[in-house]
Amino acid sequence: MSETDRTNQGGFKRAAKDCFSGTVGGIVQVFVGQPFDTVKVRLQTQGEPPKYTSMLDCVRKTRKEGLTAFYKGTTTPLVGVGACVSIQFLVFEFMKRFFNEKNKRPGQLTLPQLYQIGAAAGMAASFVFCPVEHIRTRLQIQTQIKKYNGPIDCIKKIYSCHGIKGIYKGQLITMAREFHGGACYFLIYEFLMQRAMLKEKKLRNELPGWKKCLYGAASGYGMWSSIYPIDVIKSKIQTDCFSKEKRKYSSSLDCAKQILAREGIKGFFKGFGTCMLRAGPVNASSFVAFEFAMELFEKI
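Position numbers for residues start from 1 in each chain and track the written sequence from start to end. At least 70 in pLDDT is required for a residue's local features to be given in this predicted model, at least 80 for side-chain atom pairs to be given and counted, and no such filter applies to totals for whole chains, interfaces and linings, which use all residues. To obtain the side-chain values, all non-hydrogen atoms of the structure were included, while hydrogens and water were left out.

### Here we look at the UniProt feature "repeat: Solcar" (unreviewed entry) in the protein chain
Link 1 in the chain: UniProt positions are given in the numbering used here, feature names are shortened, and annotations may be inferred rather than shown by experiment. According to UniProt, the feature "repeat: Solcar" (unreviewed entry) maps to residues 13-98, 109-195 and 211-296 in the numbering used here.
Link 2 in the chain: Where helices and strands are cited, they refer to DSSP runs of H or I of at least four residues and of E of at least two residues respectively, numbered from the N terminus. End C-alpha to end C-alpha, residues 211-296 measures 18 Å, and it is 76% helix and 0% strand.

### Quick notes on the state of the cysteines
Link 1 in the chain: Any two cysteine sulfur atoms lying within 2.5 Å of each other are counted as a disulfide. Counted under the stated rule, the structure contains zero disulfides.
Link 2 in the chain: For the unlinked cysteine cysteine 184, the closest cysteine sulfur is that of cysteine 275, found at 13 Å.
Link 3 in the chain: The rule is simple: take the accessible area with a 1.4 Å probe, protein chains only, and divide by the maximum for that residue type; under 20% is buried, over 50% is exposed, in between is partly exposed. Residue cysteine 184 is classed as buried on the basis of its relative accessible area, which comes to 15%.
Link 4 in the chain: The buried category is assigned to cysteine 275, whose relative accessible area is 0%.

### Some points on the side chain of lysine 236
Link 1 in the chain: Structurally, lysine 236 is set in helix H8 (residues 209-238).
Link 2 in the chain: One buried charge, lysine 236, has no salt-bridge partner; the nearest side chain with opposite charge is glutamate 263, at 4.4 Å.
Link 3 in the chain: Pairs of N or O atoms are called polar contacts if they sit within 3.5 Å, as long as, within protein, a hydrogen donor faces a hydrogen acceptor (for residues adjacent in sequence, only side-chain-to-side-chain pairs). Only 3.2 Å separates the side chain of lysine 236 from the backbone oxygen of glutamine 44, close enough to count as a polar contact.
Link 4 in the chain: Every residue pair with non-hydrogen atoms within 4.5 Å of one another is taken to be in contact. The residues touching lysine 236, leaving out its near neighbours within four places in the chain, are Gln44, Thr45, Gln46, Tyr249, Cys255, Ile259 and Glu263. Residues scored as charged are limited to Lys and Arg (positive) and Asp and Glu (negative), so that His and the chain ends carry no count. The working definition used for a salt bridge is a side-chain nitrogen of Lys or Arg within 4 Å of a carboxyl oxygen of Asp or Glu.

### Quick look at the pattern of salt bridges
Link 1 in the chain: Scanning the entire structure with this criterion turns up 20 salt bridges.
Link 2 in the chain: Linking arginine 136 and aspartate 37 is a salt bridge whose minimum nitrogen-to-oxygen distance equals 3.4 Å. You can see arginine 136 sitting in helix H5 (residues 111-140) and its partner aspartate 37 sitting in helix H2 (residues 11-45), a full 99 residues away along the chain.
Link 3 in the chain: Its relative accessible area of 6% is what places arginine 136 among the buried residues.
Link 4 in the chain: For aspartate 37, a relative accessible area of 4% puts it in the buried group.
Link 5 in the chain: Among the salt bridges present, the one from arginine 278 reaches aspartate 37, with a minimum N-O distance of 3.9 Å. Taken together, the positions of arginine 278 in helix H10 (residues 272-298) and aspartate 37 in helix H2 put the pair 241 residues apart, joining distant regions of the chain. Here the two residues arginine 278 and aspartate 37 agree in accessibility, since each one is buried.

### With respect to the nonpolar core
Link 1 in the chain: Among the nonpolar cores identified, the biggest contains 42 residues, and Phe186, Trp224 and Ile233 are the most heavily contacted of them.
Link 2 in the chain: Those elements that place two or more of their residues in this core are helix H4 (75-102), H5, helix H7 (171-200), H8, helix H9 (252-263) and H10.
Link 3 in the chain: For this core, the leading source of residues is H7, giving nine residues.
Link 4 in the chain: Beyond its immediate stretch of four places on either side in the chain, phenylalanine 186 contacts Gln88, Phe89, Phe92, Gly118, Ala121, Phe191 and Phe287. We define the nonpolar core as a collection of buried residues of types Ala, Val, Leu, Ile, Met, Phe, Trp, Tyr and Cys that are connected through side-chain atoms lying within 4.5 Å of one another.

### Here's the deal with the packing of aromatic side chains
Link 1 in the chain: The rule is short: rings of Phe, Tyr and Trp, with Trp giving its six-membered ring, pair when the centres are within 6.5 Å, and they are stacked under 30 degrees, edge-to-face over 60, tilted in between. Per the stated rule, a full pass over the model turns up 13 aromatic pairs.
Link 2 in the chain: Ring centres of tyrosine 185 and phenylalanine 287 lie 5.0 Å apart, and the angle between their planes is 40 degrees; on these two criteria the pair is classed as tilted. On the criterion of sequence distance, the pair formed by tyrosine 185 in helix H7 and phenylalanine 287 in helix H10 is long-range, its members being 102 residues apart. Both residues of the pair, tyrosine 185 and phenylalanine 287, count as buried.
Link 3 in the chain: The interplanar angle of 85 degrees and the centroid separation of 5.5 Å between the aromatic rings of phenylalanine 269 and phenylalanine 272 together place this pair among those described as edge-to-face.

Structure follows, in structure tokens:
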């Protein structure tokens with residue numbers, strides 16, 4: 001199926017294919033990226049004095065808890081991230097069709113259009129990303145003392161004490177991250193794919209898998225390089241205390257000010273190395289899985 005054919009399709013069947021393909025990409029993303037994410041979150045949320053001296057020190061100490069420690073909170077993202085990525089790709093493909101209908105040359109979207117498309121996809125997914133990542137981060141930072149016995153227990157305890165507002169702790173900063181992050185993520189990937197198709201005069205499904213893998217990795221590196229400080233703030237906000245009396249940060253801006261005052265610019269990049277190690281394989285596998293699933297579903 002050509003790029004033009006895909007973007008011109010509509011209706012429930014098209015949406016279902018986009019949704020299921022995105023879910024496949026999301027599930028693959030979780031399995032590949034969860035160990036990296038656990039280390040990243042632990043480095044981001046460690047207090048003062050630091051609990052870990054380096055990324056490798058964090059890996060060693062986490063390993064002492066057993067190999068399963070790297071997959072703490074996996075159930076939540078396995079379901080949630082699958083849904084998040086599904087929503088992302090669903091909105092992304094829908095917005096591509098929307099702009100393609102306006103363009104004189106379908107399949108050749110401009111950079112401003114790609115930014116808007118990615119931002120819309122990120123914003124839509126943020127409403128699922130926020131609670132999923134909130135629960136995951138609280139489970140990931142648990143070490144010897146366990147307050148929550150799994151994701152369901154964590155959701156129940158937070159909801160019983162703080163309601164839906166507690167589940168959605170950090171929603172605004174998550175929206176800010178996903179708006180720009182989603183824009184960079186999809187812009188980079190789709191721009192590289194469009195350029196390759198035009199240059200080689202090939203259809204999307206005719207491009208070699210290694211190129212899709214490379215472009216997916218590039219999109220991950222570009223996205224995280226542009227939003228990492230926001231992600232650090234988000235992690236700190238979501239793992240902060242719920243009660244105003246014990247809360248460290250009154251807002252995302254206050255959190256940013258405190259990080260800058262105490263740790264300087266480097267405070268916004270704790271765990272950045274782990275994130276960059278994760279970004280390549282995770283996003284490469286996610287896009288390749290999505291494209292593969294899309295091609296498979298097109299045959300059904």
